[in-house]
Amino acid sequence: QVQLVESGGGLVQAGGSLRLSCAASGRTFSSYAMGWFRQAPGKEREFVAAISWSGGNTYYADSVKGRFTISRDNAKNTVYLQMNSLKPEDTAVYYCAASKRATILGYEYDYWGQGTQVTVSS
């Protein structure tokens, strides 16, 4: 069992930056790939970024490539999402999730956090 708790969301102006954190419980964190997803009001959940268990492989949605960076610290059981050059369309609830493999497919993730709100004003 893995429990995930996101933090770091908030209100930021367009062009600004935020860093989201996702702290995981359990001693098996390093065996899981991690992903970030987001869901805006009235829209379906969408993939944002994923990272393999070792951190050696990362994947990004085209909409965030070059602006967002996913990373992890297995010693701290934490995964991060550094978000730069934020746009109003990045406004959403951001969720971290754990999976046995790094994938863009939400249904392959076994554990989910409760989400953290990110609001980007224009």
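Computed from a predicted model, the values in this text were never measured in an experiment.

Definitions and limits used
- Residues numbered from 1 in each chain as written.
- Predicted model: local features only at pLDDT ≥ 70, side-chain atom pairs only at ≥ 80, totals over all residues.
- Heavy atoms only, no water.
- Phe/Tyr/Trp six-rings, centres within 6.5 Å; stacked < 30°, edge-to-face > 60°.
- Helix = DSSP H or I, 4+ residues; strand = E, 2+ residues; numbered from the N terminus.
- Buried < 20%, exposed > 50% of the residue type's maximum accessible area, 1.4 Å probe, protein only.
- Lys NZ or Arg CZ within 6 Å of the ring centre and 35° of its normal.

### A short note on the packing of aromatic side chains
Consideration 1: Summed over the entire model, instances satisfying the criterion amount to five aromatic pairs.
Consideration 2: Between phenylalanine 37 and tryptophan 112, the aromatic rings sit 5.0 Å apart at their centres with planes inclined by 55°, giving tilted as the arrangement. One end of the pair, phenylalanine 37, is in strand 4 (residues 33-39); the other, tryptophan 112, is in strand 10 (residues 109-112), with 75 residues separating them in the sequence.
Consideration 3: Exposure remark for tryptophan 112: the relative accessible area of 28% places this residue in the partly exposed category.
Consideration 4: An aromatic cluster is built from Phe37, Phe47, Tyr109 and Trp112, whose rings are joined through pairwise contacts.
Consideration 5: A cation over an aromatic ring shows up here: arginine 45 above the ring of phenylalanine 37, its NZ or CZ 5.7 Å from the ring centre.
Consideration 6: The ring centre of phenylalanine 29 lies 4.5 Å from the NZ or CZ of arginine 72, which sits over that ring.

So, to be careful, I would describe these as geometric facts and stop short of saying anything about function.
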